[in-house]
Amino acid sequence: MKYRVSADIGGTFTDLVIQGQNGEVEIGKVPTTSENPALGVLAGIDQLVENPSDIDFFVHGTTVGLNAFLERRGARTLLLMTRGVSDTYTIARGHREELYKLHYRKPEQLVPRADVHEVTERLNWDGSVETPLDQADFAPIIEKVKAEGIKAIAVCFLHAYANPKHELLAREILQEALPGVSVSLSHRVASEWREYERASSTVMDAYVAPVVELYLETLKQELVKSGMDKTVHIMSSAGGAMTDRSAAAHPISTLLSGPVGGSIGGCELAKQTGLENLLCVDMGGTSFDLSLVIDGEAQMTSETVLEGLPLLMSIVAIETVGAGGGSVAWIEGGGLRVGPRSAGSYPGPVCYGRGGSEPTVTDANLFLGRLGAESLLDGKMTLDLDGTKAAMKALGDQVGLSEKGLAEGIIAISNAKMADAMRTITVGQGIDPREFTLVAFGGAGPMHAVELAAELDIKRILIPPYPGTFSAWGMLQSEIRHDLSTNFVSLMSDCSEAKLQGLFDDLIERGRSVLDGENVTAERMSFEHSIDLRYLGQEYTLRVTVEDGETIAQVLERFHALYERRYGHSMREGEVEMINTRVAAFGDFNRPGTAPMNEAVDASPERARRDVTFGGEQYDTPILKRALMASGSEYQSPAIVEEESATTVVPPGYSITIDALGNMIIALEESA
């Protein structure tokens, strides 16, 4: 028997999904070992797989690089720039993201000005050499790196995206003199214009590189020791998988490695159910991640911002807020606040009984009866209700609320914060959330899903099987993916179909070479084309998909429609400018299908009843075991649905249906 295994390392739990050759699924959850995340992965595999040598495919999402950045634990980095423009990175941009913030401070850069060094060289905008690279300039730089033990160097020369010659020579010089020092080149990290953004991206890549490389090397060694000698795959921020070798070479691509699994799982759900517009929400113990699936495809972006620092890379558009089940309730100025600080896995919420003393969102759900004392991990983890009551009383006394009032207040504040984030990625982008199905997953997502849907007037909620490990399941649905781009500025009126196809052909050839290096056969390769377009005179672009054989007129029509959908208007008579051409190169893993859902179950799913508080009132509520809810069965609310990986809370006024694939569909009774 061969197995496909995925692991999603979260802030509180590490989730694992084991899939057999026939598509059957087994799940597991173990506490995240923050001191060394690889240990949690190995512990989970040890629990679920008797013989690791039976693992045929392994993929995982990691936040090691992201955490190194957020906690400022990356390597000290030196930045090399073209002589005369080395202040570009330090000056950054002059705009303010929060216009009315009185105490605004520019984001702190990862490289201080003292570690930015100049090298004599110059390329013109078209890549032609104006000033050759002066190799003598590297002598004092190399001396400083050796003397001060610097572990990473970022190289960002002017217009290197048009001609990488000088950057490649710089790497050759540095690697020969400084073996073991990580060198990141801007044309490999972000082959696009805008010098500051490209420098910022390259610095980020270099900053996290030693941490990511060490983690991947350690994980690989430990897996080999356990008996698993297959290639380790890592989820990329663009929603595909790549080998550990590629991840070590492009560490920036792993920054949002964990959350994208849920988006890819959402795309697979769209294919299976025919529901093409999904609002995916992943609520874990630490954070609340949101993404959109539109017309069956994950929404992508070419640029993102992390703590004020811009990054140029293809990435699934994910919005994250600090609102997880472990978000701590606290008092500020006499008012109740919730998050973004999290109790984490240790000590965790008060109810975990590990020494936590501050009530969290999870504690509030337990106090209100929405979560049972033996709900977590199918009863394998018992929760401390008495400790939770004491913590609720202590905090409630400080703010003048009863324990029940405090618990409902914690839930309401947390829901309001999450609903605001949902509006940001929908209404804030001209998208009507009422046209979407809310897909909720993560350990805490199904507990809040119905109330969050009500906040945005969404009528239908879908809870997939094994929702607590859905992101890990989504990783098993991924393909190898590599994104390539070329900067090419041209008016679309001056561009022909032949010219555009030539640009794509060059990128496809590069994509084939990359996939060849990852042992993908030609018949398993596929490619998607897109271009970045904008109206002439504008700064920002929209990514537009280009199908095989399409005319320029058809591409422009899609751009106008997309622009109108996003901004509420379009300028069909205006000139349109192309900035970048892009190709996504895919390699199919030939994965098995999903095992069918049992159509008949002998036992009743109701295993108990308990009092649950909804809207200030208590309801005698049935507790349903999801494993016993057969395909095609229907139920009424209120109801609590429990399973190993999550608990689903359904307030009064909704119907519950289990579809043929085992998805739980929750709908307002008036629209059921």
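Throughout, a residue's number is its position along its own chain's written sequence, starting from 1. Owing to the predicted nature of the model, reporting of local features is limited to residues with pLDDT of at least 70; listing and counting of side-chain atom pairs is limited to 80 or more, with chain, interface and lining totals taken over all residues. Excluded from the side-chain calculations are hydrogens and water; all other atoms, namely the structure's heavy atoms, are used.

J.: Could you give an account of the overall build of the chain, with specific residues and numbers?
T.: A count of helical and extended segments in the chain gives 16 helices and 33 strands. For a compact globule of 672 residues, the expected C-alpha radius of gyration is about 26 Å, and the chain comes in at 26 Å, within 12% of that figure. Along the first, second and third principal axes, the C-alpha set of the chain runs to 80 × 60 × 55 Å. In this scheme, a residue with accessible area under 20% of its type's maximum is buried, one over 50% is exposed, and one in between is partly exposed, where area comes from a 1.4 Å probe on protein chains only. Sorting the 672 residues of the chain into buried and exposed places 55% on the buried side. Working rule for contacts: check all heavy atoms of both residues, and any pair within 4.5 Å makes them a contact. A separation of at least 24 residues holds for 67% of the contacts in the chain among residues at least 6 apart in sequence. Computed by Shrake-Rupley with a 1.4 Å probe, the accessible areas treat only the displayed protein chains as cover when residues are assessed. Surface exposure of the chain reaches about 27700 Å², of which carbon and sulfur atoms provide 49%. Of note, the chain has its 58 positive side-chain charges centred 4 Å away from the centre of its 95 negative side-chain charges. Helix and strand definitions follow DSSP, with helices as H or I runs of at least four residues and strands as E runs of at least two, each counted in order from the N terminus. Note on method: radius of gyration uses C-alpha positions; expected globular size equals 2.2 Å times residues raised to 0.38. His residues and chain termini do not enter the charge count, which takes Lys and Arg as positive and Asp and Glu as negative. Working definition for charges: the position is that of NZ of Lys, CZ of Arg, CG of Asp or CD of Glu.

J.: Account for the side chain of Asn487, with residues named and values stated.
T.: Considering the arrangement of structural elements, one finds Asn487 in strand E23 (residues 480-491). Whenever a nitrogen or oxygen atom comes within 3.5 Å of another N or O atom, the pair is scored as a polar contact, on the condition that within protein one atom can donate a hydrogen and the other can accept it, and that pairs from neighbouring residues in sequence are kept only if both atoms are in side chains. Within the local environment of Asn487, its side chain forms a polar contact with the backbone oxygen of Ile579, the two atoms lying 3.3 Å apart. Within the structure, the side chain of Asn487 is placed 3.1 Å from the side chain of Asn580, a separation counted as a polar contact. Those residues within four positions of Asn487 in sequence are excluded, and the remaining contacts are Tyr161, Ser191, Glu192, Trp193, Ile579 and Asn580.

J.: Tell me about helix H4 (residues 138-148), and please be specific about residues and values.
T.: Within an α-helix, residues lying three or four positions from one another point in the same direction, as the helix has 3.6 residues per turn. Within the span of H4, buried status applies to Phe138, Ile141, Ile142, Lys144 and Val145. The buried residues of H4 occupy one face: seen down the axis, they fall within an arc of 160°. With respect to the buried face of H4, the exposed residues turned more than 90 degrees away are Pro140, Glu143, Lys146 and Ala147. Buried-residue contacts for H4 involve strand E5 (77-82), strand E6 (116-119), strand E9 (152-156) and helix H5 (165-177). One or two steps after H4, the chain reaches Gly149, where phi turns positive at roughly 65°. The arc in question is formed by the directions pointing from the helix axis toward the C-beta atoms.

J.: Please provide a residue-by-residue account of the side chain of His187, values included.
T.: Structurally, His187 is set in helix H6 (residues 186-189). Here the side chain of His187 touches Glu167 through a polar contact of 2.8 Å, side chain to side chain.

J.: With reference to specific residues and values, describe the sheet that holds strand E30 (residues 639-642).
T.: Spatially, E27-E28-E30-E31 is the arrangement adopted by the four strands of the open sheet, whose pairing is mixed. Edge strands, defined here as strands with exactly one partner in the open sheet, are strand E27 (606-614) and strand E31 (647-650). Neighbour to neighbour, the strand axes of the sheet diverge by 25° on average, direction disregarded. Only when DSSP finds a minimum of two bridges between them are two strands counted as paired. Convention adopted: a line fitted to C-alpha atoms gives each axis, helices being fitted over their contacting stretch, and angles between N-to-C directions are expressed from 0 to 180 degrees.

J.: Any chance you could break down the packing of helix H11 (residues 385-399) against helix H12 (residues 403-425) for me, citing the residues and the numbers?
T.: H12 packs onto H11 with a crossing angle of 90° between their chain directions and a minimal axis gap of 8 Å. Viewed along their axes, H11 and H12 adopt a mutual orientation that is roughly perpendicular. Residue-level inspection shows Lys389, Met392, Lys393, Leu395, Gly396 and Val399 of H11 in contact with H12, the latter providing Glu403, Leu406, Ala407 and Ile410. Gly is placed with the polar residues, together with every amino acid not listed as nonpolar (Ala, Val, Leu, Ile, Met, Phe, Trp, Tyr, Cys and Pro) or charged (Asp, Glu, Lys and Arg). Classifying every residue of the contact of H11 with H12 gives six nonpolar, one polar and three charged. Should an angle fall under 35 degrees it is called roughly parallel, over 145 degrees roughly antiparallel, and 65 to 115 degrees roughly perpendicular, with every other angle called oblique.

J.: Could you give an account of the pattern of salt bridges, with specific residues and numbers?
T.: Salt bridge criterion: a side-chain nitrogen from Lys or Arg within 4 Å of a carboxyl oxygen from Asp or Glu. Tallied over the full model, the rule gives 36 salt bridges. The partner of Glu564 in a salt bridge is Arg572, and the shortest N-O contact between them spans 3.8 Å. Taken together, the shared-partner salt bridges connect Arg76, Asp115, Lys144 and Glu148 into one network.

J.: Outline a negative patch on the surface, listing residues and values.
T.: Excluding any residue in a salt bridge, patches collect residues exceeding 30% relative accessible area, merging like charges within 9 Å and nonpolar Val, Leu, Ile, Met, Phe, Trp and Tyr side chains within 5 Å. A cluster of acidic residues, Glu297, Glu528, Glu547 and Asp548, forms a negative patch on the protein surface. Within the secondary structure, Glu297 is located in strand E15 (residues 297-298).

J.: An account of unusual backbone geometry is requested, with residue identities and associated values reported.
T.: Of note, the bond from Gly339 into Pro340 is cis; its omega dihedral lies within 30 degrees of zero at 0°. Within the element layout of this structure, Pro340 appears in strand E20 (residues 335-342). Backbone geometry at Arg72 places phi at a positive 55°, although glycine is not the residue there. Among the secondary structure elements, Arg72 is positioned in the loop between helix H2 (64-70) and E5. Its relative accessible area of 32% is what places Arg72 among the partly exposed residues. In this structure, Asn519 takes a positive phi of about 60° despite not being glycine. Summarising the element assignment, Asn519 is placed in the loop between helix H15 (497-517) and strand E24 (525-535). On the basis of relative accessible area, Asn519 is assigned to the exposed category, the value being 66%.

J.: I'd love a proper account of the nonpolar core, names of residues and values included.
T.: Core analysis: the largest hydrophobic core is formed by 65 residues, its most contacted members being Leu279, Phe288, Ile410, Met422, Leu438 and Ile461. Element by element, the count of residues in this core is highest for H12, at nine residues. Setting aside residues up to four positions removed in sequence, Ile461 forms contacts with Thr437, Leu438, Ala449, Val450, Ala453, Tyr654, Met664, Ile665 and Ile666. Residues grouped as a nonpolar core are buried Ala, Val, Leu, Ile, Met, Phe, Trp, Tyr and Cys residues, joined through side-chain atoms within 4.5 Å.

J.: Please provide a residue-by-residue account of the packing of aromatic side chains, values included.
T.: In summary, the pairing rule links any two rings of Phe, Tyr or Trp, Trp by its six-membered ring, whose centres are within 6.5 Å, and it sorts them by plane angle into stacked for under 30 degrees, edge-to-face for over 60 and tilted for everything else. Summed over the entire model, instances satisfying the criterion amount to nine aromatic pairs. Judged by centre distance (5.4 Å) and plane angle (25°), the rings of Phe470 and Trp473 are stacked. Residue Phe470 and its partner Trp473 are located together in helix H14 (residues 470-476), separated by three residues, close to a single helical turn. On the basis of relative accessibility, which here comes to 1%, the residue Phe470 falls in the buried class. Cluster of aromatic residues (ring-pair linked, three or more members): Tyr535, Phe559, Tyr563 and Tyr567.

J.: Now, about the sheet that holds E5: what can you tell me, with residues and values included?
T.: Sheet architecture is open: four strands sit in the order E6-E5-E9-E10, paired in parallel fashion. Of all strands in the sheet, those bounded by a partner on one side alone are E6 and strand E10 (182-185). In this sheet, adjacent strand axes meet at a mean angle of 25° when their direction is disregarded. Sheet analysis places E9 next to E10, joined by four bridges and oriented parallel. Paired with Ile153 across the strands is Val183, a residue of E10. Strand contacts of H5: E5, E9 and E10, with the helix running at about 175° to E10, the strand carrying the most contacts.

J.: So what about the pairing of strand E25 (residues 542-546)? Which residues, and what values?
T.: On E25, burial follows the alternation: Leu542, Val544 and Val546 on one face are buried, whereas Arg543 and Thr545 on the facing-out side are not. The pairing of E24 with E25 spans five bridges and is classified as antiparallel. Pairing of Ser530 across the sheet is with Thr545, part of E25. Counting the residues in the hairpin turn of E24 and E25 gives six residues, including Gly537, whose phi is positive at 100°.

J.: Any details on the pairing of E5? Residues and values, ideally.
T.: Among the six residues that make up E5, six are buried, leaving the element largely enclosed by the rest of the structure. Summarising the sheet, E5 and E6 pair through four bridges and their orientation is parallel. If you follow Leu80 over to E6, its bridge partner there is His117.

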